[in-house]
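# Commentary on secondary and tertiary structure
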Amino acid sequence: MPLGRRGGRVSALGGEGEEEAPRAAAAAPWASPQQPEAASEQVLLRGIFEIGRSSCDVVLTVRALRWRPIEPVRPTGDSKCDLSCKEEFLKLKDIFSVKLKRRHFATQEGNGTLLGITLFICLKKEQNKLKDSTLDLINLSEDHCDIWYRQFKKILAGFSNRPKSLKILLNPQSHKKEATQVYYEKVEPLLKIAGIKTDVTITEYEGHALSLLKECELQEFDGVVCVGGDGSASEVAHALLLRAQKSTGTEADSILTPVRAQVPLGIIPAGSTNVLAHSLHGIAHVVTATLHIIMGHVQPVDVCTFSTAGRLLRFGFSAMFGFGGRTLALAEKHRWMSPNQRRDFAVIKALAKLKPEDCEISFLPLNSSPDLQERRAQGSPKSDGDARWHVIQGQFLNVSIMAIPCLCSVAPGGLAPNTRLNNGSMALIIARNTSRPEFIKHLKRYASVKNQFNFPFIETHTVEEVKVYPRNKTRAHNPEEEDQPQETASETSFPWNVDGDLMEVTSEVHVKLHPRLIDLYGESTEEMNDAKVTCNCL
């Protein structure tokens, strides 16, 4: 039988393969050297395909696809084999779809002429970036390709953690109103290749996703995906957690012991800062976020509850009070500007009107006991019987409370660089009152990835709970207070920036960490890149 594209020799040495494909999906690049365990792997199929214009001996095992170029035999009886003959392999867990490759002509009816099989692959590139690629196995035999195709489909069906149906929530107003284009041009094509069914809802107003998820039948979906910015993603996460409380009969405003969200949440970055996506993947990259969803990579993430007077305000991942809250309040009042202009204007205006907040901050330091830490990391309840609350009072320019690193383009090392996604703790970062130039120096340090906390007016603490009590309630909050009278009730509230959303509160706020309360599609990225980024607003 001739070798190459028309070769149809198949050897099913391992039958149909009783061993199920590995269920842990982790993207990895292709490798050239043969793995040591290759010889002991069970062989499912063996045959001949043309790969990269070379006829290859191809072996499918329970863990990998391996191939080696077939070298012609010399008259002396030996074969010519150099470095190009080395075996190459592809891990099966890096394949997310398989299709029969056909050539279609304009006048041709039916399925077209069979060329072989195409494997769609998830590759890991530099800087935590994922990329989709293909590998063509060329063979013109229908029977030959059908056997291999069915075996690949069976293997892919064994990865039960990968979603088969997703609910998509798309915010068309995010950033430059490009979320719709991002989804239909970059996300949907990959989901279709992977064979994932989708149900898309384009949100029409703020809170639409929240009201929709309260009534939506999530049983038919393996996950929920948000296409938008941090505000949209935070709203969907809040809605999923509220729904989980309701499903257990817990009151909506109860904050005693929240229960975990029922389905994972995927975040497609289409906002201006994309802090959540950047913290989750190490990069705000649409294709990377999409491939993590397709591959079923799931990462448990810590969540905070924000409450006042025993009443739940919302779930969230991070918050800023003081400068961070006032900056967002100013930006919200100028939404007619473009996102970048609005952000820069708000920062400059807030710095020009920089004022400290007179408040009391109570916090519960993290208990560093290894046993307690292990239980907390697993989401187990803890006892605070011996816990001691610390109290500090004074004038504060900014208070940051963050359960995630909060990476973004202007803070590549993270606003809370010592915090992880699920280490069972929050970072409390306090900026006491100081001069405007010194505070600006502190802000600029975030962009240069230097020690932004190396200032005498900065305090950092690793905590489990925080309570912030504003004491200057008689001074009303109003970002444009020099232009407007201070008479309305809303002016007596204080602005909080919670995951990019403005939250106005009139009294104290209690922030409590709940370990691993929600699953997000993504992988742990411990080592982030120290890219130098400048902020043009400072």
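Residues numbered from 1 in each chain as written. Predicted model: local features only at pLDDT ≥ 70, side-chain atom pairs only at ≥ 80, totals over all residues. Heavy atoms only, no water.

## Thoughts on the overall build of the protein
The criterion, for reference: Segments assigned H or I by DSSP are reported as helices when at least four residues long, segments assigned E as strands when at least two residues long, and all are numbered from the N terminus. Relative accessibility under 20% of the residue-type maximum defines a buried residue, over 50% an exposed one, and the middle range a partly exposed one, all with a 1.4 Å probe and only protein chains included. What makes two residues a contact is simply this: any of their non-hydrogen atoms within 4.5 Å. Every accessible area reported is derived by Shrake-Rupley at a probe size of 1.4 Å, with residue values counting cover from the shown protein chains alone.
Secondary structure assignment for the protein yields 10 helices and 22 strands. Considering the protein as a whole, with its 538 residues, one finds that 52% of them fall into the buried category. If you take every contact in the protein between residues at least 6 apart in sequence, the share linking residues at least 24 apart comes to 72%. Total accessible area on the protein stands at roughly 25,100 Å², and carbon and sulfur atoms take up 49% of it.

## Quick notes on the pairing of strand E18 (residues 426-432)
Note the following rule: We treat two strands as partners when DSSP finds at least two bridges between them.
Counted residue by residue, E18 has six buried out of seven residues, so it is predominantly covered. Here strand E17 (residues 390-402) runs beside E18; their pairing, made up of six bridges, is antiparallel. Among the inter-strand pairings, asparagine 398 is bridged to a residue of E18, identified as alanine 431. With six bridges connecting them, E18 and strand E19 (residues 458-470) associate as antiparallel partners.

## Some remarks on the nonpolar core
To be explicit about the condition: Here, the term nonpolar core denotes a set of buried Ala, Val, Leu, Ile, Met, Phe, Trp, Tyr and Cys residues that are joined through side-chain atoms within 4.5 Å.
One finds Val236, Leu240, Leu265, Phe439 and Ile518 to be the most contacted residues of the largest nonpolar core, which totals 58 residues. Ranked by residues supplied to this core, first place goes to helix H4 (residues 230-247) with seven residues. Core analysis: the next-biggest nonpolar cluster, separate from the first, contains 27 residues, Leu65, Leu137, Trp148 and Ile155 among them.

## Considering the packing of aromatic side chains
The condition is simple: Each aromatic pair joins two rings of Phe, Tyr and Trp (for Trp, the six-membered one) with centres within 6.5 Å, and gets the label stacked for planes under 30 degrees apart, edge-to-face for over 60, and tilted for any other angle.
A complete count under the given rule lists nine aromatic pairs for this structure. Where phenylalanine 49 meets tryptophan 148, the ring centres are 5.0 Å apart and the plane angle is 85°; that geometry is what we call edge-to-face. With phenylalanine 49 in strand E2 (residues 43-51) and tryptophan 148 in helix H1 (residues 142-157), this pair connects stretches of sequence that are 99 residues apart. Each member of the pair, phenylalanine 49 together with tryptophan 148, is buried.

## So, the pattern of salt bridges
We apply this condition: One side-chain nitrogen of Lys or Arg within 4 Å of one carboxyl oxygen of Asp or Glu is enough to make a salt bridge.
Within this structure, the stated rule accounts for 13 salt bridges. Taking the shortest distance from any N to any O, the salt bridge between aspartate 358 and arginine 471 comes out at 2.9 Å. With a gap of 113 residues between them, aspartate 358 in strand E16 (residues 357-365) and arginine 471 in the loop between E19 and strand E20 (494-498) connect regions that are remote in the sequence. Arginine 471 gets classed as partly exposed once you look at its relative accessible area, which sits at 40%. Across the pair glutamate 459 and arginine 432 runs a salt bridge whose closest N-O atoms are separated by 2.6 Å. Remark: arginine 432 occurs in strand E18 and glutamate 459 occurs in strand E19; sequence separation between them is 27 residues.

## Details of the environment of leucine 312
Mapping leucine 312 onto the fold places it in strand E14 (residues 311-316). Residue class for leucine 312 comes out buried when judged on its relative accessible area of 7%. Put simply, leucine 312 and histidine 510 are 198 residues apart on the chain and 9.3 Å apart in space, counted from C-alpha to C-alpha.

## Things to note about the environment of methionine 337
Counting through the fold element by element, methionine 337 comes out in the loop between helix H7 (323-332) and helix H8 (339-352). For methionine 337, a relative accessible area of 16% puts it in the buried group. Once you skip the residues sitting within four places of it in the chain, methionine 337 turns out to touch Arg342 and Phe345.

## Thoughts on the side chain of threonine 118
Stated precisely, the cut-off is as follows: Pairs of N or O atoms within 3.5 Å make up the polar contacts considered here, provided that, within protein, one atom can donate a hydrogen while the other can accept it, and that residues adjacent in sequence are counted only when both atoms are side-chain atoms.
Looking at the secondary structure, you find threonine 118 in strand E7 (residues 113-124). Classification of threonine 118 as buried rests on a relative accessible area of 9%. A distance of 2.8 Å separates polar atoms of two side chains, one belonging to threonine 118 and the other to aspartate 136. Dropping the residues within four chain positions of it, threonine 118 is found in contact with Ser97, Val98, Lys99, Lys101, Thr134, Leu135 and Asp136.

## Quick word on the side chain of threonine 308
Structurally, threonine 308 is set in strand E13 (residues 298-308). Judged by its relative accessible area of 6%, threonine 308 is buried. Only 2.8 Å separates the side chain of threonine 308 from the side chain of serine 507, close enough to count as a polar contact. Non-local contacts of threonine 308, meaning those with residues more than four positions away in its chain, are made with Leu313, Val505, Ser507 and Glu508.

## Details of unusual backbone geometry
Although it is not a glycine, asparagine 274 adopts a positive phi angle of roughly 55°. Mapped onto the elements, asparagine 274 comes out in the loop between strand E12 (265-269) and helix H5 (275-281). Backbone geometry at alanine 309 places phi at a positive 55°, although glycine is not the residue there. Position of alanine 309 among the secondary structure elements: in the loop between E13 and E14. Classification of alanine 309 by relative accessible area gives exposed; the value is 70%.

## Observations regarding the confidence of the model for the protein
Stated formally: Confidence of the prediction at every residue is given by pLDDT, a number between 0 and 100.
Residue-level pLDDT values for the protein average 81, and 77% of them are 70 or greater. In this model, residues 481-490 is a region of pLDDT below 50 whose contacts with residues beyond four sequence positions or in other chains number 12 contacts. Counted against residues more than four places away or in other chains, residues 527-538, with its pLDDT under 50, gives 28 contacts.

## Examining H1
Our working definition: One fewer than the residue count of a helix, multiplied by 1.5 Å, yields its expected span. An arc is given here, and it is the one of the directions from the helix axis to the C-beta atoms.
In this model H1 runs 22 Å from its N-terminal to its C-terminal C-alpha over 16 residues, within 8% of the 22 Å that 1.5 Å per residue would give. Restricting attention to buried positions, one finds in H1 the residues His144, Cys145, Trp148, Gln151, Phe152, Ile155 and Leu156. Projection of H1 onto a plane perpendicular to its axis shows the buried side chains occupying an angular sector of 135°, all on one side. Turned more than 90 degrees away from the buried face of H1 sit Asp143 and Ala157, all of them exposed. Looking at where H1 begins, the residue whose side-chain oxygen comes 3.2 Å from the main-chain nitrogen of histidine 144 is serine 141.

## Brief notes about the packing of helix H2 (residues 179-193) against helix H6 (residues 286-295)
Put simply, the rule is: To get an axis, a line is fitted to the C-alpha atoms, and for a helix only the part in contact is used. The angle between two axes follows their N-to-C directions and goes from 0 to 180 degrees. Orientation categories follow fixed angle ranges, with anything under 35 degrees roughly parallel, anything over 145 roughly antiparallel, 65 to 115 roughly perpendicular, and all other angles oblique. Crossing handedness: left-handed means the near helix sits turned counterclockwise from the far one by under a right angle, and right-handed means the same turn made clockwise. By the convention adopted, Pro, Cys, Tyr, Trp, Phe, Met, Ile, Leu, Val and Ala count as nonpolar, Lys, Arg, Asp and Glu as charged, and the other residues, Gly among them, as polar.
Two numbers describe how H2 lies on H6: the axes approach to 10 Å, and their chain directions differ by 30°. Viewed along their axes, H2 and H6 adopt a mutual orientation that is roughly parallel. Judged by the sense of rotation from one axis to the other, the crossing of H2 with H6 is right-handed. Facing Val182, Lys186, Val187, Leu190 and Leu191 of H2, the residues of H6 in contact are Val286, Val287, Thr290 and Ile294. Residues that form the contact of H2 with H6 fall into these classes: seven nonpolar, one polar and one charged.

## Here's the deal with helix H10 (residues 436-448)
Taking 1.5 Å of rise per residue, the 13 residues of H10 would be expected to cover 18 Å, and the 19 Å separating its terminal C-alpha atoms lies within 8% of that figure. Listing the buried residues of H10 in full gives Phe439, His442, Leu443, Tyr446 and Ala447. End-on view of H10: buried residues confined to an arc of 155°, all on one side of the axis. Elements in contact with the buried residues of H10: H7, H8, E17, E18 and E19.

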